[in-house]
Amino acid sequence: MLNPDDESHMWCLHYVFIPIINRHLKNWRAAYVQHSLRTEHNKTPMQLWISGLSEAWDSFHAEDLYLQGDFTNYGIDWEGPIPEMTPDVVEVPVTNCPLSEVQANMLPTVTNLSYPEAVQVFNDIVNLLPNN
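Residues numbered from 1 in each chain as written. Predicted model: local features only at pLDDT ≥ 70, side-chain atom pairs only at ≥ 80, totals over all residues. Heavy atoms only, no water.

An unreviewed UniProt entry lists the chain under the name Integrase core domain-containing protein, with Paramuricea clavata given as the organism.

Written as C-alpha cells, this is what we have:
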C-alpha cells in the first residue's frame, strides 16, 4: 500500500505512473485536436488552425505543414496578447531511487501497462524496498 510520506514509495509511484499519465495525456491531446466543433461548422481545431495559417500566409501551403506532421507551433498566436498569469502546472517533486543499481536495472518497462498491471508492478517494486 502507498505511504505518501515515504520518499521511497513516492519514487516507485513516479516510476510506474508518470509514463502512464504522460501516455494518456498525449492520447487525449491527439484526440482533442481532431474532434469536431459544432460551433465551427464541425471543423476540428487542427483544421481551423490550418485555415488560419492559409489565410495569414497566402503563399504558404499550410496543408503541407499538416501532412509533414510538424505541429510545433500549433495553438500559438504570435500576434495575440501575452498571458499575465503562468499556466497551471503540476510540480512533481524529485525523489531519489531507493534501489541499488542492480535492482534498478531489473525493473520492468512500464510504458504500456494497464492500470491493474501498474498497481501490481508498484506493489512488486515496493516489496523490493528495504524495510518493507
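Following the structure, the description resumes.
Now for the side chain of Thr44. Positionally, Thr44 belongs in the loop between helix H1 (7–32) and helix H2 (45–56). Given the relative accessible area of 8%, Thr44 is considered buried. In this structure Thr44 touches Val33, Gln34, His35 and Ser36, once residues within four positions along its chain are discounted. (Helix = DSSP H or I, 4+ residues; strand = E, 2+ residues; numbered from the N terminus. Buried < 20%, exposed > 50% of the residue type's maximum accessible area, 1.4 Å probe, protein only. Contact = heavy atoms within 4.5 Å.)

Running from N to C, H1 and helix H5 (residues 115–128) point in directions that differ by 155°, and their axes come no closer than 9 Å. The orientation of H1 with respect to H5, classified from their angle, is roughly antiparallel. The hand of the H1/H5 crossing is right-handed. In this structure, H1 uses His9, Trp11, Cys12, Leu13, Tyr15, Val16, Phe17 and Ile20 to contact H5, whose residues at the interface are Tyr115, Ala118, Val119, Val121, Phe122, Ile125 and Val126. Along the lines of polarity and charge, the residues of the contact of H1 with H5 split into 14 nonpolar, one polar and no charged. (Axes fitted to C-alpha atoms, helices over the stretch in contact; angles between N-to-C directions. Parallel < 35°, antiparallel > 145°, perpendicular 65-115°, else oblique. Left-handed = near helix turned anticlockwise from the far one by under 90°. Nonpolar A, V, L, I, M, F, W, Y, C, P; charged D, E, K, R; others polar.)

Compared with the 20 Å implied by 1.5 Å per residue over 14 residues, the 20 Å span of H5 between its first and last C-alpha is a close match. When we look at burial in H5, the residues that qualify are Ala118, Val121, Phe122, Ile125 and Val126. Buried residues of H5 fall within an arc of 135° about the axis and therefore sit on the same side. Those residues of H5 that are exposed and aimed more than 90 degrees away from the buried face are Pro116 and Asn127. Turning to H5, the residues buried within the fold contact H1. (Expected span 1.5 Å × (residues − 1). Arc of directions from axis to C-beta.)

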